[in-house]
Each structure stands twice: as structure tokens, then as C-alpha cells.
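# Per-entry structural report
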Amino acid sequence: MAASMIAAGAACAAPLKTRDVIELWPGGVGPGSEKSPAQLTVTERSKVAYWPDRIVTGITRPNLTAFVPDKPNGTAVIVAPGGAYSRIVLDKEAAEMARWLNPYGVTVLLMQYRLPAEGHVDGKDVPLQDAQRAIRVVRQNAGEWGLQPDRIGFLGASAAGHMAASLGAQFAKKVYEPVDAADSLSARPDLLLLLYPVVSMDDKLTHLESRTNLLGKDPSPELIKDYSADLHVTKEAPPTFIVVAKDDPVVPPENSMRYHDALQKAGVSSELHAFTEGGHGFGIRDARQLPVSDWPNLAAAWMKARGYIK
């Protein structure tokens, strides 16, 4: 199947096809990235031929790649893999999510988002800019793409979990100037799934590499507060599913606890699963042979109970 590129704002008279690539911004380049020196690069880190571990860097043209099920049910989930805001991992937290969700009828849109420390204007805001824009573009085109505009979810892992948590808490925050009609639409996801997310920028809780890439080496107390997603949750936040391992050595599990607590205090439906073992970055493939490997079944049951899958 040949891949096709769909420009932001372009009309598409037919449902999406697997491998369609949707550019998020008119002209392709995100706002404030016109002078970024970033060059798109894919790097293989694995030394095992049948266990790839690629990363992508140098992103100025954020996009979504479609994975469409045989029998779409109208639900879509945008998937943003992690990578400490310095890279995006390609072979876990990405296509494996499509293999999990497609059999339930869910259309999966894998997100390639801009990384804040790659020379963008207002780099600290580009992840949330791209996340808001992704929801709006999918919502704008839902009818043409065979999707329901009120059944659009967002899944973020690790540092992209911070992007997702920020989206859930601050979907209405103005972080860019409107560029077309899509920006008149709500950027609120209808459901949120967080995998071992970075949430807080607080010294005692944050993942330092992610915070440094987002806010710099010595952020002010005001920046730390402004970019700690748990401090901005309101009653309008979407229903949220969170999974974490208590032995996570990279991102303190309390990040997940804090966000869940904030949702509970705001009266937002949420579910937190904290497994004893699993470490960090387990996704689906690295969770094998551990109890945490059951998280996709728990998430599917959560989605089913809310009518997003059957």
C-alpha cells in the first residue's frame, strides 16, 4: 500500500488509509520552527537485528501516521511515544499500540512531534502546540475520515506523557496563534491514556533530562509551576487511565500518583494501575513475562466501559 501525504487543512473525500501521513500545520513546518537548524534523522540503537530500537530527532514538520483497522468503529487514539523530549522512540510505544488497538476497531494515529530543545521559538510550548493541533486537525476531519469527533483519545508515554497530561489539563490554554478553521475547535481529548508519565517539574519529582530539554538547566519557580501538569487540572479534564510500575528507576512513580490525585480532587473519572514490577519504558513488548503485561487488557476494559470499543 502506497503512503500518501495529507496537508493540514486539506479536504479528504474518503476515510483514512493505513500509512497516510497527515501534516499538522499549513505548509508543514510548525509555527516558530522556520529557522530551526533541526534535520530529520532516524538512528538505530539496537545491536540485535530482530529487536529494533530506532529513534527520530530533528523534527520541524510534525505529523500523524494512520494505522486503520479492518472494521473502524469511529474511535481514534493519537499515540505519542516518549524519549525524554530529546528524541522519539519508534519501535516501542508506537506501532505496537496500533497492533493492540486496531483489532478493537480503533484508528491509531502515531504522532511525530517537535522536540523543545531543537531551536524552535518558544521551544517549551511546542509539544503542547503540536498536541492541541493534532486533536483539532483530527476533529476537523473526523467526518471525512470515518471517525467520530467526540471519540478522539490521546495516549502519551514518559516525556510524551507530560505532553499528554498537559493537554488534558490545559487543552484550552492559548499556546499559538490560530492558523486556520481547525483552531476554532476544542483541543480537549475525549479520553487520555498515560504510560509512566513525567508530570511534575518539581526538583524532587521530575525526570531531570526531560525537564532540562523542556525548560533549560535552571528553570525559575514560576516555570516549574507553570509546566507541572498536575497543578493545572480542572473538572473539564478528560477521563484518564494511568499505568506505572512502582520500581520505575527513571521517572518517579509519584508523578502518576500526583496526577491521579489531582483528577480525583477535580471530580474527573480516572483509573490508576501501579504494578510492583516493570521499570520504565515497558510499553507492550518489554512488559512480557511480567504482571504489568496485563495493562493493555485493563485499558481496553476501561475504554469498553466508556463505550469507545466493544
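Presented here is a report on the structure given in the accompanying data block.

## Thoughts on the overall build of the chain
Regarding its fold elements, the chain presents 7 helices and 12 strands. On C-alpha atoms alone, the chain measures out to a radius of gyration of 18 Å, which is about the 19 Å that the 2.2 N^0.38 rule sets for 310 residues. With the C-alpha coordinates of the chain rotated into their principal frame, the extents come out at 50 × 45 × 45 Å. In the chain, which comprises 310 residues, the share counted as buried stands at 58%. The contacts in the chain between residues at least 6 apart in sequence include a share of 76% that link residues at least 24 apart. Of the side-chain charges in the chain, 33 are positive and 35 negative, and the distance between the mean point of each set is 3 Å.

## Here's the deal with the environment of G143
As for its position among the elements, G143 is in the loop between α2 (126-141) and β9 (152-157). Along the backbone, G143 and S200 are 57 residues apart, and their C-alpha atoms lie at a distance of 36 Å.

## Examining the side chain of E118
Structurally, the position occupied by E118 is in the loop between β8 (107-112) and α2. Setting aside residues no more than four positions away along its own chain, E118 makes contact with S36, P37, A38, T57, G58 and I59.

## With respect to the packing of α2 against helix α3 (residues 159-170)
For the pair α2 and α3, interaxial distance at closest approach is 9 Å and the crossing angle is 65°. Crossing of α2 over α3 shows right-handed handedness. In this structure, α2 uses P127, L128, A131, Q132 and I135 to contact α3, whose residues at the interface are M163, S166, L167 and Q170. Of the residues contributing to the contact of α2 with α3, the split by class is 6 nonpolar, 3 polar and no charged.

## Focus on the layout of surface pockets
Approximately 320 Å³ is the volume found for the largest pocket. Around the largest pocket, the lining is made up of 15 residues, and of these R54, T65, L90, L110 and Q112 lie nearest the centre. Mapped by element, the contributors of at least two residues to the lining of the largest pocket are β4 (54-57), β5 (63-67) and β8. Classifying every residue of the lining of the largest pocket gives 11 nonpolar, 3 polar and 1 charged. Roughly 190 Å³ of volume is contained in the second largest pocket. Forming the boundary of the second largest pocket are 14 residues, of which G83, A84, R87, S158 and H280 lie nearest the centre. Taken together, the residues that form the lining of the second largest pocket break down as 3 nonpolar, 6 polar and 5 charged.

Conventions used here
- Residues numbered from 1 in each chain as written.
- Predicted model: local features only at pLDDT ≥ 70, side-chain atom pairs only at ≥ 80, totals over all residues.
- Heavy atoms only, no water.
- Helix = DSSP H or I, 4+ residues; strand = E, 2+ residues; numbered from the N terminus.
- Rg over C-alpha atoms; globule rule 2.2 N^0.38 Å.
- Buried < 20%, exposed > 50% of the residue type's maximum accessible area, 1.4 Å probe, protein only.
- Contact = heavy atoms within 4.5 Å.
- Lys, Arg positive; Asp, Glu negative; His and termini not counted.
- Charge placed at Lys NZ, Arg CZ, Asp CG, Glu CD.
- Axes fitted to C-alpha atoms, helices over the stretch in contact; angles between N-to-C directions.
- Left-handed = near helix turned anticlockwise from the far one by under 90°.
- Nonpolar A, V, L, I, M, F, W, Y, C, P; charged D, E, K, R; others polar.
- 1 Å grid on protein atoms, 1.4 Å probe; cavity = no way out; pocket = protein on both sides within 12 Å on 5 of 7 lines; lining within 4 Å.
- Points joined across faces, edges and corners; volume = space filled by probe spheres on them.

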